[in-house]
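Fold and contact review
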Amino acid sequence: MTARPADATTRPAHGGEKTRPADTRVRRAGARVRAVRLGPRSLAALALVSAVGVAAFGWPFLAPPASQLSAHAQDAPWLFAGLLVLLVAVVTATISESGLGPKAVAMLGVLAATGAALRPIGAGTAGIEPMFFLMVLSGRVLGPGFGFVLGSVTMFASALLTGGVGPWMPFQMLAMGWFTMGAGLLPGPDRLRGRAELLLLALYGFLAAFAYGTVMNLAGWPFMGTLASSIAFDPHAGVPANLARFVAYCLATSLGWDLGRAAVTVLLTLVLGHAVLRALRRATRRAAFEAPVTFDAPTP
């Protein structure tokens, strides 16, 4: 049995407005409707910002101990933070130009505001951050392009809401963009449903929550370079020594928070995931993102 998007009808609306399907083929009822389709330019911009992001997060292990970057270990995070702000803005604008229409912008605003409002609920205490499960489910339904923009915008909005503006904010925006985009890249978006899908999303949320905490540790760890500590970054040490210090730093400072974040994400995904996924999919069908809106002269 097949069905068209709910709003993709050819009946004239008030004032002569009507919408048509994106093509003449009839969609399957379960097929994904993407809010943003990534074109070659968007993919290139996303690959560029991701490559620079990997360098920004991982430079303590990539730069030789004798390099100027290691010599200015306290300044490097500020340099990369400024660069990431520009690059995230560029990739967001590029993706927006590729087809982020008014209906997609409206949904982006609603989801970003909801995610930003959820973040202060736990204020990061013991990793209680319910916004992560919403990012996972939204990325799953709306795809990787929309997911990257949503993750970045949500983290930016929540930073303004909670006063968490600092050199770490661009790193948070990029990491959350990756986090949400990854959910959109999971297999079976059009076929996998029910408990199997919830288990897949819960597993992804668990692993990605730890990955988010780890990469954010990389963003702040170099600031500890001047501290006399066995877990602080040592710009004069080699990669094996600093890697051991970084693992000890993660275990000592963030393991409890990362575990709490992962557990909350899994719990909310399993308990609320079915209802939230159904609501998001219903909203995307009714929005009919891929059905262009046209205007005809009103009938006399």
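All values derive from a computational prediction rather than experimental measurement.

Looking at the pattern of salt bridges
- With the rule as written, the count across this model stands at five salt bridges.
- For the salt bridge of Glu129 with Arg261, the shortest nitrogen-to-oxygen distance reads 2.7 Å. Within this pair, whereas Glu129 is found in the loop between α4 (102-122) and α5 (131-142), its partner Arg261 is found in helix α10 (residues 255-287), the two being separated by 132 residues in sequence. Neither Glu129 nor Arg261 differs from the other in exposure class; each is buried.
- One salt bridge connects Arg261 with Asp258, and the closest N-O pair in it is separated by 2.8 Å. Of this pair, Arg261 and Asp258 both sit in helix α10, three residues apart, which is roughly one turn of that helix.
- With a relative accessible area of 5%, Asp258 lands in the buried category.
- Taken together, the shared-partner salt bridges in this structure form one network comprising Arg140, Arg193, Glu197 and Arg281.

Re helix α9 (residues 239-253)
- Here α9 spans 21 Å end to end across 15 residues, near enough to the 21 Å set by a 1.5 Å rise per residue.
- Taken together, the buried positions of α9 are Asn242, Phe246, Tyr249 and Cys250. The arc that holds the buried residues of α9, viewed along the axis, is 95 degrees, so those residues lie on one side. In this structure, α9 carries Pro240, Leu251 and Ala252 as exposed residues pointing more than 90 degrees from its buried face.

Examining the packing of aromatic side chains
- Within this structure, the stated rule accounts for seven aromatic pairs.
- On the basis of an interplanar angle of 70 degrees and a centroid distance of 5.2 Å, the ring pair of Phe57 and Phe171 is categorised as edge-to-face. Placement of Phe57 in helix α1 (residues 40-62) and of Phe171 in helix α7 (residues 169-184) is noted, with a sequence separation of 114 residues between them. Taken as a pair, Phe57 and Phe171 share a single burial class, namely buried.
- Following the ring pairs from residue to residue traces out a cluster consisting of Phe132, Phe179, Tyr204 and Tyr212.
- Lying over the aromatic face of Phe132, Arg261 brings its terminal NZ or CZ to 5.3 Å of the ring centre.

Notes on a nonpolar patch on the surface
- A cluster of nonpolar side chains, namely Leu199, Leu267, Leu270, Val271 and Leu272, defines an oily patch on the protein surface of about 450 Å² accessible area.
- Of all the elements, α10 adds the most residues to the nonpolar patch, at four residues.
- You can see Val271 is positioned in helix α10.

Considerations on α5
- Its twelve residues place the ends of α5 16 Å apart at the C-alpha level, agreeing with the 16 Å of an ideal helix rising 1.5 Å per residue.
- With twelve of its twelve residues buried, α5 lies for the most part within the structure.
- The positive-phi residue at the C-terminal boundary of α5 is Gly143, with phi of around 95 degrees.

Focus: the packing of α5 against α7
- The contact between α5 and α7 brings their axes to 6 Å, and the two run at 45 degrees. Overall, the two elements α5 and α7 adopt an arrangement that is oblique. Taken as a pair, α5 and α7 cross one another with a handedness that is right-handed. Between α5 and α7, the contacting residues are Met131, Phe132, Met135, Val136, Gly139 and Arg140 on the first element and Met176, Phe179, Thr180, Ala183 and Gly184 on the second.
- Partitioning the contact of α5 with α7 into residue classes produces seven nonpolar, three polar and one charged.

Remarks on the environment of Gly53
- Mapped onto the elements, Gly53 comes out in helix α1.
- A C-alpha to C-alpha distance of 9.7 Å links Gly53 and Pro170, two positions 117 residues apart in sequence.

Brief notes about the packing of α7 against helix α8 (residues 195-220)
- Packing of α7 against α8 brings their axes to within 10 Å, and their N-to-C directions diverge by 160 degrees. Accordingly, the angle class assigned to the pair α7 and α8 is roughly antiparallel. Note that α7 runs across α8; the crossing there is right-handed. In this structure, α7 uses Phe171, Gln172, Ala175, Met176, Trp178, Phe179, Gly182 and Ala183 to contact α8, whose residues at the interface are Tyr204, Ala208, Ala209, Tyr212, Val215, Met216 and Ala219.
- Within the contact of α7 with α8, the residues separate by chemical class into 13 nonpolar, two polar and no charged.

What counts, and where the lines are drawn
Residues numbered from 1 in each chain as written. Predicted model: local features only at pLDDT ≥ 70, side-chain atom pairs only at ≥ 80, totals over all residues. Heavy atoms only, no water. Salt bridge = Lys/Arg side-chain N within 4 Å of Asp/Glu carboxyl O. Helix = DSSP H or I, 4+ residues; strand = E, 2+ residues; numbered from the N terminus. Buried < 20%, exposed > 50% of the residue type's maximum accessible area, 1.4 Å probe, protein only. Expected span 1.5 Å × (residues − 1). Arc of directions from axis to C-beta. Phe/Tyr/Trp six-rings, centres within 6.5 Å; stacked < 30°, edge-to-face > 60°. Lys NZ or Arg CZ within 6 Å of the ring centre and 35° of its normal. Patch = residues over 30% accessible without salt bridge, like charges linked within 9 Å, V, L, I, M, F, W, Y side chains within 5 Å. Areas by Shrake-Rupley, 256 points an atom, 1.4 Å probe, with all protein chains shown as cover. Axes fitted to C-alpha atoms, helices over the stretch in contact; angles between N-to-C directions. Parallel < 35°, antiparallel > 145°, perpendicular 65-115°, else oblique. Left-handed = near helix turned anticlockwise from the far one by under 90°. Contact = heavy atoms within 4.5 Å. Nonpolar A, V, L, I, M, F, W, Y, C, P; charged D, E, K, R; others polar.

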